[in-house]
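In case you want the letters, here they are:
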Amino acid sequence: MSRAKLYSDHISQLQTRTRDALEREGIEGLIIHSGQSKHQFLDDNHYPFKVNPQFKAWLPVVDNPNCWLVVDGISRPKLIFYRPEDFWHWVPAEPTDFWADHFDIVMLKQANAVEKHLPYDKKRYAYVGEYIEVAKALGFDLVNPDRVMHYLHYHRAYKTDYELDCMRQANRIAVIAHKAAKAAFDAKCSEFEINQAYLLAAHQGDNDLPYNNIVALNEHNAILHYMRLDTCKPEQHLSFLIDAGASYHGYAADITRTYSSKQGAFSELISRVNQLTLSCVDALKPSTNYADVHRLAYAGVGEILQDFEVLNMRAEDAVETKIVSAFFPHGIGHFLGLQVHDVAGHVNDDRGTPNPPPPEHPFLRCTRTVESRQVFTIEPGVYFIDSLLADLRASEHSKYVNWNVVERFRPFGGVRIEDNVIVHKERNENMTRDLGI
């Protein structure tokens, strides 16, 4: 099916969702703001612009602030497209891409002149966006109404065919870049150089990516959100963990791989975590509670710790005593889509009824029931994190740890393997593995 047809069906689905959400609130429409550029504090330069996810759900314009959408779920959506006369900055071309025919487009030359293009009676419309002071100045009383937002967020978990196509393309870009990063690691490059190789292969800059790349060598693998990028090469290239994605039309990929420079216990650990990732992917089935997939991963890490003699106790006991959390302190994954950690992972329904993570696994980002057309990451890990190991050593459970084994693994930092998976009714589509990585 052509992208134009996929996108047309996507717009129809968004119209239906919008109409349902508006009927719940008893209002006529939504005014969705793309966002604004922000000045850096005490400076005349701007922070990188990040578009409102609710805006880019409708169209793949991710780099243009001061745009507005007027939608009511029935009428043809109206796009107020910011196109100033400006010789200092880049000015976008008039929209002619595949999506443009679905909107009544009005050009906006001055950002502060938008009011004349908005509905006169704003009491019947809700503002959706970040800039509350702008909404109030324009006369909106209803801003990001809970019942509307809960509905839209909840149903965003069910991806249209257009969205799935975009996410496959994002994975394709990310996989090409991951392979370039692996080659740079094999060439003994620095973290900074590896990241540059990734960006070059992806043809995306830091501000285009859905999140800051994690490019970690050796013991840095143990820092879950490591974003430093050392420019100096380490004395030895023992291990390499890269958690990096790509964007396509505003949709994200989020892939992690870990590598060892030589065969041995750490490369075997990578292999076991890889097997666990695939087992958890297989467990993603409609009607399954996502928290149960996490519990499967947690038990699997317990078995790995036992088999590699990190612990001198049964895996079942490691799970029961929660010692596993010292080596696997995060959740198995999350929703993926317009945002890397996509919304509505902790609700029971489209009214926003809370469904918090279980107390024993507080960092789990999703507790929803798995259904078809949802997209998840699956990312188990085993780490040797100094602060968590220090707490474990000081606890009553220290006697169950073979500290000499831990010391052998500490220079390698840790392992994480992450795939991006579409759940279908009768099968799973592992976008990442399908692309050969």
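Structure shown above.
Residues numbered from 1 in each chain as written. Predicted model: local features only at pLDDT ≥ 70, side-chain atom pairs only at ≥ 80, totals over all residues. Heavy atoms only, no water.

*Asks:* Run through the overall build of the chain, naming residues and quoting values.
*Replies:* Counting secondary structure elements, the chain contains 12 helices and 14 strands. Its C-alpha atoms give the chain a radius of gyration of 24 Å, within 12% of the compact-globule value 22 Å for 437 residues. By its C-alpha atoms, the chain is 70 × 45 × 45 Å across when sized along the principal axes. For the chain, buried positions account for 55% of its 437 residues. A sequence separation of at least 24 residues applies to 70% of the contacts in the chain between residues at least 6 apart. Carbon and sulfur atoms provide 49% of the accessible area of the chain, an area that totals close to 19,900 Å². Distance from the positive charge centre (46 side chains) to the negative charge centre (58 side chains) of the chain: 2 Å. (Helix = DSSP H or I, 4+ residues; strand = E, 2+ residues; numbered from the N terminus. Rg over C-alpha atoms; globule rule 2.2 N^0.38 Å. Buried < 20%, exposed > 50% of the residue type's maximum accessible area, 1.4 Å probe, protein only. Contact = heavy atoms within 4.5 Å. Areas by Shrake-Rupley, 256 points an atom, 1.4 Å probe, with all protein chains shown as cover. Lys, Arg positive; Asp, Glu negative; His and termini not counted. Charge placed at Lys NZ, Arg CZ, Asp CG, Glu CD.)

*Asks:* For the pattern of salt bridges, give the residues involved together with the corresponding values.
*Replies:* Inspection of every chain in the model, using the stated rule, returns 27 salt bridges. A salt bridge links Arg-3 to Asp-165; the nearest nitrogen and oxygen atoms lie 3.9 Å apart. Placement of Arg-3 in helix α1 (residues 3–25) and of Asp-165 in helix α5 (residues 161–186) is noted, with a sequence separation of 162 residues between them. When its relative accessible area of 16% is taken as the criterion, Asp-165 is described as buried. Among the ionic pairs, Asp-104 bridges to Arg-76, the shortest N-O distance being 2.8 Å. A residue pair is termed long-range when its members are at least 10 positions apart, and Asp-104 in strand β4 (residues 104–108) and Arg-76 in the loop between β2 (68–71) and β3 (78–82) qualify at 28 residues. According to the relative accessible area criterion, Arg-76 is partly exposed, its value standing at 43%. (Salt bridge = Lys/Arg side-chain N within 4 Å of Asp/Glu carboxyl O.)

*Asks:* Give me the lowdown on the packing of helix α7 (residues 265–283) against helix α8 (residues 290–307), citing residues and values where you can.
*Replies:* At a minimum axis distance of 10 Å, the contact between α7 and α8 shows a crossing angle of 160°. Taken together, the axis directions place α7 and α8 in an arrangement best described as roughly antiparallel. Every pair of crossing elements has a handedness; the one defined by α7 and α8 is right-handed. Counted together, Leu-269, Arg-272, Val-273, Leu-276, Ser-279, Cys-280 and Ala-283 of α7 and Val-293, Leu-296, Ala-297, Gly-300, Val-301, Glu-303, Ile-304 and Asp-307 of α8 form the full contact between these two elements. Taken together, the residues that form the contact of α7 with α8 break down as 10 nonpolar, two polar and three charged. (Axes fitted to C-alpha atoms, helices over the stretch in contact; angles between N-to-C directions. Parallel < 35°, antiparallel > 145°, perpendicular 65-115°, else oblique. Left-handed = near helix turned anticlockwise from the far one by under 90°. Nonpolar A, V, L, I, M, F, W, Y, C, P; charged D, E, K, R; others polar.)

*Asks:* Which residues make up the layout of surface pockets, and what values go with them?
*Replies:* One number sums up the size of the largest pocket: a volume of about 1,200 Å³. As for the largest pocket, its lining consists of 39 residues, and the residues nearest its centre are Phe-49, Lys-50, Val-62, Asp-63 and Asn-64. Those elements that provide at least two residues to the lining of the largest pocket are α2 (53–56) and β8 (239–248). A breakdown of the residues in the lining of the largest pocket according to their chemical character gives 19 nonpolar, 14 polar and six charged. The wall of the second largest pocket is formed by 24 residues, among which Leu-224, His-225, His-341, Arg-365 and Glu-379 lie closest to the centre. (1 Å grid on protein atoms, 1.4 Å probe; cavity = no way out; pocket = protein on both sides within 12 Å on 5 of 7 lines; lining within 4 Å. Points joined across faces, edges and corners; volume = space filled by probe spheres on them.)

*Asks:* Go over the sheet that holds strand β7 (residues 214–217), please, and point to the residues and values.
*Replies:* Taken together, the three strands give an open sheet; going across it, the order is β7-β8-β9, and neighbouring strands pair in antiparallel fashion. The open sheet is flanked by β7 and β9 (251–260), the only strands paired with a single partner. Averaged over all adjacent pairs, the angle separating strand axes in this sheet is 15°, with direction ignored. Pairing of β8 with β9 involves 10 bridges; the strand directions are antiparallel. Each bridged residue has a counterpart across the sheet, and for Asp-243 the counterpart in β9 is Thr-256. The sheet contacts of α5 involve β7, β8 and β9, and relative to β9 the element is tilted by about 30°. (Pairing = 2+ DSSP bridges.)

*Asks:* Report on the nonpolar core, specifying residues and quantitative values.
*Replies:* One recurring pattern in soluble globular proteins: nonpolar side chains tend to sit buried together. Leu-30, Leu-59 and Tyr-198 are the most contacted members of the largest nonpolar core, which totals 85 residues. Judged by nonpolar contacts, the second largest core, of 49 residues, contains Leu-238, Ala-318, Phe-384 and Leu-392. (Core = buried A, V, L, I, M, F, W, Y, C linked by side-chain atoms within 4.5 Å.)

*Asks:* Describe empty space enclosed by the protein, listing the residues and the values that go with them.
*Replies:* Enumeration according to the criterion identifies one cavity of 30 Å³ or more in this entry. Of the volumes computed, that of the largest cavity is approximately 120 Å³. Surrounding the largest cavity, Leu-14, Arg-17, Thr-18, Leu-30, Ile-32, Gln-54, Ala-57, Trp-58, Leu-152, Arg-156 and Glu-163 form its lining. Secondary structure elements with two or more residues in the lining of the largest cavity: α1 and β1 (29–33). Counted by class, the lining of the largest cavity contains six nonpolar, two polar and three charged residues.

*Asks:* Quick rundown of the packing of α1 against α5? Include the residues and the values.
*Replies:* Contact geometry for α1 and α5: axes closest at 7 Å, N-to-C directions at 130°. Between α1 and α5, the interaxial angle falls into the category oblique. Within the contact between the two elements, α1 uses Arg-3, Leu-6, Tyr-7 and His-10 and α5 uses Asp-161, Tyr-162, Glu-163 and Asp-165. Its residues assigned to classes, the contact of α1 with α5 comprises three nonpolar, one polar and four charged.

*Asks:* Which residues make up a nonpolar patch on the surface, and what are the values?
*Replies:* A contiguous nonpolar patch, built from Phe-41, Leu-42 and Tyr-47 and spanning about 430 Å² of accessible area, is present on the exposed surface. For Tyr-47, the location among the structural elements is in the loop between β1 and α2. The class for Tyr-47 is partly exposed, based on a relative accessible area of 42%. (Patch = residues over 30% accessible without salt bridge, like charges linked within 9 Å, V, L, I, M, F, W, Y side chains within 5 Å.)

*Asks:* So what's going on with the sheet that holds strand β10 (residues 375–378)? Residues and values would help.
*Replies:* For sheets, the rule is that strands pair by backbone hydrogen bonds, running either parallel or antiparallel. With antiparallel pairing, the three strands of this open sheet are ordered in space as β10-β13-β14. Each edge of the open sheet carries a strand with a single partner, namely β10 and β14 (428–430). On average, each strand axis in the sheet is tilted by 30° relative to the strand beside it, whichever way the strands run. Of the strand pairs in this sheet, strand β13 (residues 419–423) and β14 are connected by three bridges, and their pairing is antiparallel. When the sheet's bridge partners are listed, Val-423 is paired in β14 with Asn-428. Strand contacts of α5: β10, β13 and β14, with the helix running at about 160° to β13, the strand carrying the most contacts.

Without other data, these values stay purely geometric and don't point to any function.
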